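# Coordinate inspection notes
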Amino acid sequence: MSNKTKKGDVLLEIKGLKIQGFSDEKWHDIVKGVDLTLHRGEVLGLIGESGAGKSTLGLAAMGYTQPGCRITGGEILFDGSDLARLSESEKRAFWGNRMTYVAQSAAASFNPAHRLLDQTTASTIRSKIKPRAEAHSDAKTLYGVLNLPDPNHIGDRYPHQVSGGQLQRVMTAMAMLPRPDLIVFDEPTTALDVTTQVEVLSSMRAIVEEFNTAAIYITHDLAVVAQMADVIKVLRYGEEVEEAGTRMMLSDPKEAYTKSLWSVRALEKPIQKPSDTLLSLKGIDASYGTIKVLHQVDIDVPRGSTVAVVGESGSGKSTTARVITGLLPQLAGSIEFNGEALPKKLSERSKDQKRRIQMIYQMADTAMNPRQTVRDIIGRPLEFYLGMRGEKKEARIVELLKMIELDASFLARLPGELSGGQKQRICIARALAAEPEFVICDEVTSALDQIVQEGILKLLLRLQDELGLTYLFITHDISTVKAIADQVVVMNQGEVVEQGLKTDVFQPPHPEYTNLLLSSVPEMDPDWLTNLTRHRLEAAGNAV
Amino acid sequence: MSQEPNTYSALGEVGAVSEKRSLWQRLMLDLRKAPMTARFGMIVILGYIILAVFAPILSPYGEAEVFPEPYAAWSAEHVFGTDQIGRDIFSRMIFGARNTVGIAVATTLLAFIIGGSLGLAAAINQSWLDQFLSRAVDVLMAIPSLIFALVLLSIFGSTVTNLILIIAVLDSTRVFRLTRAVSLNVVVMDYVEAARLRGEGLWWIMRREILPNIMPPLIAEFGLRFCFVFLTIAALSFLGVGIQPPTADWGSMVRENASLIMFAQYDIKAGLTPLLPAAAIALLTVAINFVVDWFLHKTSGLRDEQ
């Protein structure tokens, strides 16, 4: 993207905005006096960790607050009118008309019982911006601009009949239909796979540019915001950390906090020489019911190293983990662990075999029983596998807590009283309590903020060093792979596409799928998306 | 980076730490915030419990003590008069609390133990056991339970044990359905999978992983189920197959004195007599529902907006 500066008049000006939220029977400050200026045709990127107040601010830019929140101070001047002072019905005249919103989870935002075209056009027709026929034909045009397949007929489908990425683009079309002055994108690509994300990003950017719409783009992914935004604003704890033009911000961040956000992506693990094999999968086939999801999967995991399994959703990564743990017995093939064949079914495995293989889950929230304290959660494997009781157990729990950089003050807490990163650490401690040799990490960092992610990755690396653990690291995030893996397995549609040392897999030449996957990972370069789109177009042109 | 003020520390990360309070403190806090209806309900239930426990001390006469005058009017001697064979109605009301409520509690508990454990097992197992139990429950539920209870009681005889067992089994079908349904939502959680991977047995997973997480709906259901059981027993007693004389219970008391209602035109108090046990049933039912409503509201996570 060319480094656009001021594109037009001021469209939106927020001055000293304060918002409070109600929880635990108290009002808490969520946004503490933020200023924001947005010009016509400009894209502002809002980034920050969860709890930074970016979504709240994004919604407030439309004069909207979520239930349980209230605006306590400041002005939101949208084209001259102060949204903070307007009544609900006055604001409704703006919503879905001059300002629109694209939500994070398109799948959850569409009504499954109505056709896409009707949903796309509903609010535009209702607010009488365009008559029905015109709205429909315009929606089809927009589908085309957004690169949706078969733009004239895709609107006749129901939400479950299109993919997540397509749904996200339909939602963008819905937001674009009334030709608004302002669109707020709230993490629109976070739930998508990288290869899909690229398509959605480029079509979103194209359409914003085409109609010269101002947009606020909320995300926690720096590389994404670098592609989309003209100006980036960093938020933390409801306050602005800094704001600057995208190029400026990327090349020369001023504040220490911003620098620390940037540095996360630089983590890279030196490669470990492969040693003897701890676990090997040979010719694994597996299926859910009649649908076959794994085809002849062979994976070797050397002792003391990290093997990262990458691929998009539906590629069979998690299924592979379920086969290893015995939750899903394989149809064919064998698993060898420490040179011995591992029984297919969990119930046929000995307690010791179960102890040696531990699992850490993606969502720490659901991986811990909300009614058990940290003491119970970490203590149970100690008692169950190692027969520890009383003081000995207590001492070991504290020792484990220290290992994960927490302390004894956490013993009596319930999972609901922990932050996301702390929860994941407790899950790690629970896995470690069993004194395993082999730990399966299923997307353990993907639900976390970047800085917290870095902390967890460093912790995992340190533990591997100290305890000689072997990891099977399932992820869809290539920068995580760079940070932690020694070897990489690329999976697609239930098959292993490529595997080997990290350096080898990431070096060209690649099989076609690896190439697509790697090139789709956003980089911290504002020109990356532009170049990539051009390359792919050229490649497609050459092929024709 | 080392001297940066913003370096990351896991310890420093702020989670939502709620104030530490003892169970008693939390209970008192909840009680203070309880609405009037819930407080009323709790006081009524407490009163019934005291009556039931201290019945022999509180009642002026014995449960089956017969006085010479049947159908005596209300007087200082017999507060609510006497029944058709001359037993003091006030005393029988107090003993009735013990019998009716006691049997209802025992029956509901038993229904929950049977239905709850089978429901949990079915939800965890999800194979032949689930199929077998669910279909068996469907069959039981297909027969109207009052009629089914009548039939069974006539076959096995109307003893207190039979009454408890039969109503408990019939009611456990509802408990089974509820427990299975709410457990299914919990069974899919990763922590249950983690417990399975650890190699925990069925009993542990039921008791430690799932049960604490489905308690709120079960407790609410307990209150409602208790009311239904209570009403079923009263209804069966009214029909004559429930609790057998001379044991006092409210259902049969209504039936025994029902004819008195015709004398209301001569003496309004006489007309009221058969309604007293019915009112006792109604009051307890209402009280329990108030408490259950409050409890449901409290645990459903619905928050009063400002």
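That block above? That's the structure.
Residues numbered from 1 in each chain as written. Chains lettered and ligands numbered in written order. Predicted model: local features only at pLDDT ≥ 70, side-chain atom pairs only at ≥ 80, totals over all residues. Heavy atoms only, no water.

Now for the pattern of salt bridges. Inspection of the entire model under this criterion finds 48 salt bridges over all chains. The shortest N-O distance in the salt bridge between A:R389 and A:E383 comes to 3.7 Å. The partly exposed category is assigned to A:E383, whose relative accessible area is 21%. A salt bridge links A:R534 to A:E538; the nearest nitrogen and oxygen atoms lie 4.0 Å apart. Of this pair, A:R534 and A:E538 are both found in helix α21 (residues 528–543), 4 residues apart, which corresponds to roughly one turn of the helix. Looking at A:R534, the relative accessible area reads 45%, which means it is partly exposed. In this structure A:E538 comes out as partly exposed when scored by relative accessible area, which is 43%. Salt bridges here are not isolated pairs; linked through shared partners, they connect A:R380, A:E383, A:R389, A:K393, B:R198, B:E200 and B:E209. (Salt bridge = Lys/Arg side-chain N within 4 Å of Asp/Glu carboxyl O. Buried < 20%, exposed > 50% of the residue type's maximum accessible area, 1.4 Å probe, protein only. Helix = DSSP H or I, 4+ residues; strand = E, 2+ residues; numbered from the N terminus.)

Here the focus is helix α2 (residues 36–53) of chain B. Residue and element names in this part refer to chain B. Here α2 contains 18 residues, and its C-alpha end-to-end distance of 26 Å stays within 8% of the 26 Å for a straight helix at 1.5 Å per residue. If you check which residues of α2 are buried, you get A38, G41, V44, Y48 and A52. Each buried residue of α2 sits inside an arc of 125 degrees when the element is viewed along its axis, so together they form one side. Away from its buried face by more than 90 degrees, α2 exposes M36, I43 and L46. (Expected span 1.5 Å × (residues − 1). Arc of directions from axis to C-beta.)

Per the stated rule, a full pass over the model turns up 12 aromatic pairs over all chains. Linked through ring pairs, B:Y48, B:F226, B:F230 and B:W250 together constitute an aromatic cluster. Sitting over the face of the ring of A:F384, A:K351 holds its NZ or CZ atom 4.5 Å from the ring centroid. (Phe/Tyr/Trp six-rings, centres within 6.5 Å; stacked < 30°, edge-to-face > 60°. Lys NZ or Arg CZ within 6 Å of the ring centre and 35° of its normal.)

With that out of the way, let us pick up helix α9 (residues 202–239) of chain B. All names here are of chain B. In this model α9 runs just 43 Å from its N-terminal to its C-terminal C-alpha over 38 residues, more than 12% under the 56 Å that 1.5 Å per residue would give. Along its length, α9 reaches its greatest deviation from straightness, about 60 degrees, at L211, and the proline P212 lies no more than four positions downstream. Just downstream of α9 lies G240, where phi reads positive at about 95 degrees. (Bend = angle between axes of the 7 residues up to and from the residue.)

Turning to the sheet that holds strand β20 (residues 495–501) of chain A, a few remarks are in order. Residue and element names in this part refer to chain A. Sheet architecture is open: 6 strands sit in the order β16-β17-β18-β13-β19-β20, paired in mixed fashion. Each of the sheet's edge strands pairs with one partner strand only, and the pair in question is β16 (357–360) and β20. Averaged over all neighbouring strand pairs, the angle between strand axes comes to 15 degrees, with direction disregarded. Strands in contact with helix α17 (residues 450–467) are β13 (306–310) and β18 (470–475); relative to β18, the strand with the most contacts, it is inclined by about 155 degrees. (Pairing = 2+ DSSP bridges. Axes fitted to C-alpha atoms, helices over the stretch in contact; angles between N-to-C directions. Contact = heavy atoms within 4.5 Å.)

Another point: the environment of A:L461. Among the structural elements, A:L461 can be located in helix α17. A C-alpha to C-alpha distance of 9.5 Å links A:L461 and A:A485, two positions 24 residues apart in sequence.

Right, let's get into unusual backbone geometry. All names here are of chain A. The phi dihedral of K128 is positive, around 55 degrees, even though this residue is not glycine. Counting through the fold element by element, K128 comes out in the loop between α4 (116–126) and α5 (132–145). Backbone geometry places R179, a non-glycine residue, at a positive phi of 50 degrees. Within the secondary structure, R179 sits in the loop between α6 (164–176) and β7 (182–186). Among the residues examined, R179 registers a relative accessible area of 31% and is labelled partly exposed.

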